[in-house]
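Residue-level structure breakdown
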Amino acid sequence: MNHAHNLQFLSAWLRNPRQAGALLPSGSRLAQAMAEQVDPGRGLVVELGVGTGAITRALIERGVTPEQLILVEKDPALFDEMERRFPGVVALRGDAAHLGQLLKRAGVGRPGTLVSSLPLLSMTRQQRLRILIQIFSSLGMGGVLVQFTYSPLSPIPDVLAAALGVSGRRVARVFSNLPPAAVWVYQVCNPRSSI
Ligand SMILES: C[S@@+](CC[C@H](N)C(=O)[O-])C[C@H]1O[C@@H](n2cnc3c(N)ncnc32)[C@H](O)[C@@H]1O
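Description of the structure in this document.

Conventions we followed
- Residues numbered from 1 in each chain as written.
- Predicted model: local features only at pLDDT ≥ 70, side-chain atom pairs only at ≥ 80, totals over all residues.
- Buried ≥ 20, exposed ≤ 12 C-beta atoms within 10 Å, placed from the backbone.
- Helix = DSSP H or I, 4+ residues; strand = E, 2+ residues; numbered from the N terminus.
- Pairing = 2+ DSSP bridges.
- Near = placed C-beta within 6 Å.
- Nonpolar A, V, L, I, M, F, W, Y, C, P; charged D, E, K, R; others polar.
- Axes fitted to C-alpha atoms, helices over the stretch in contact; angles between N-to-C directions.
- Contact = placed C-beta atoms within 7 Å.

Some details on the pairing of strand 7 (residues 181-188)
- Along strand 7, 6 of the 8 residues are buried, which leaves the element largely enclosed by surrounding structure.
- By the bridge criterion, 8 bridges tie strand 6 (residues 166-174) to strand 7 in an arrangement that is antiparallel. The residue of strand 7 that forms the bridge with Ala172 is Val183.
- In this structure, the hairpin formed by strand 6 and strand 7 is closed by a connection of 6 residues.

Here you go:
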């Protein structure tokens, strides 16, 4: 546990609890379980909701190079820290609800993998849907979303997954995390031209 990171994260929670989604950064076991789902051979990796970078570090340890990594964070203070901590990585400040635009403006191609710790279940349905549409239309056919949740259920309900043309499965549970978490992987199997 890094005390400075915990304090920065706690400050983000005080500024906006729903947006921070947790009181503390993810533990190293959860970060590793997320990173294990990423194949560095699948091209660009976009991380959504970087926070203090717990998962980013695990991705780099996994072999994702700074050149293939794109980081997205909405909170301005966490964004500034993120830029400082991960020099040489494309860092985008903004809302994942505008992911397509953010990637286009940065001149970034289609990612093969999206890694998200966005607090999907703290959002309104509209916010969540907007973000999921952006995520899956940015990924395209065969693309993979890795998402963790503190819920015992899928963070993307089955009906919604079917409507979005994706299939998901839980790949890990991390009971030692505070709070305990589960890792889900979703793959685009039937891209919707209308989204
Ligand atoms: C649960 S925290 C996870 C932080 C870090 N990845 C970790 O695992 O410790 C969620 C993060 O997502 C960011 N976030 C929330 N909503 C967002 C959005 N719409 N767009 C981009 N980032 C967002 C928050 O500021 C916060 O840093």
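Focus: the site of the ligand
- Neighbouring the ligand are 24 residues; Gly21, Pro25, Ser26, Gly49 and Gly51 lie closest to it.
- Listing elements by their share of the shell around the ligand, those giving two or more residues are helix 2 (17-20), helix 4 (54-62) and strand 2 (69-73).
- Among the residues making up the shell around the ligand, the classes are represented as 14 nonpolar, 6 polar and 4 charged.

What to know about the sheet that holds strand 5 (residues 144-149)
- Pairing within the open sheet is mixed, and its 7 strands lie in the order 3-2-1-4-5-7-6. Bordering the open sheet on either side are strand 3 (90-93) and strand 6, each of which pairs with just one other strand. Sheet twist, expressed as the mean angle between neighbouring strand axes with direction ignored, is 20°.
- Sheet strands in contact with helix 3 (residues 28-35) are strand 4 (113-116), strand 5, strand 6 and strand 7, and its direction is about 145° off that of strand 6.

Details of unusual backbone geometry
- In this model, Leu178 is joined to Pro179 through a cis peptide bond whose omega is -5°.
- Looking at the element boundaries, Pro179 is found in the loop between strand 6 and strand 7.

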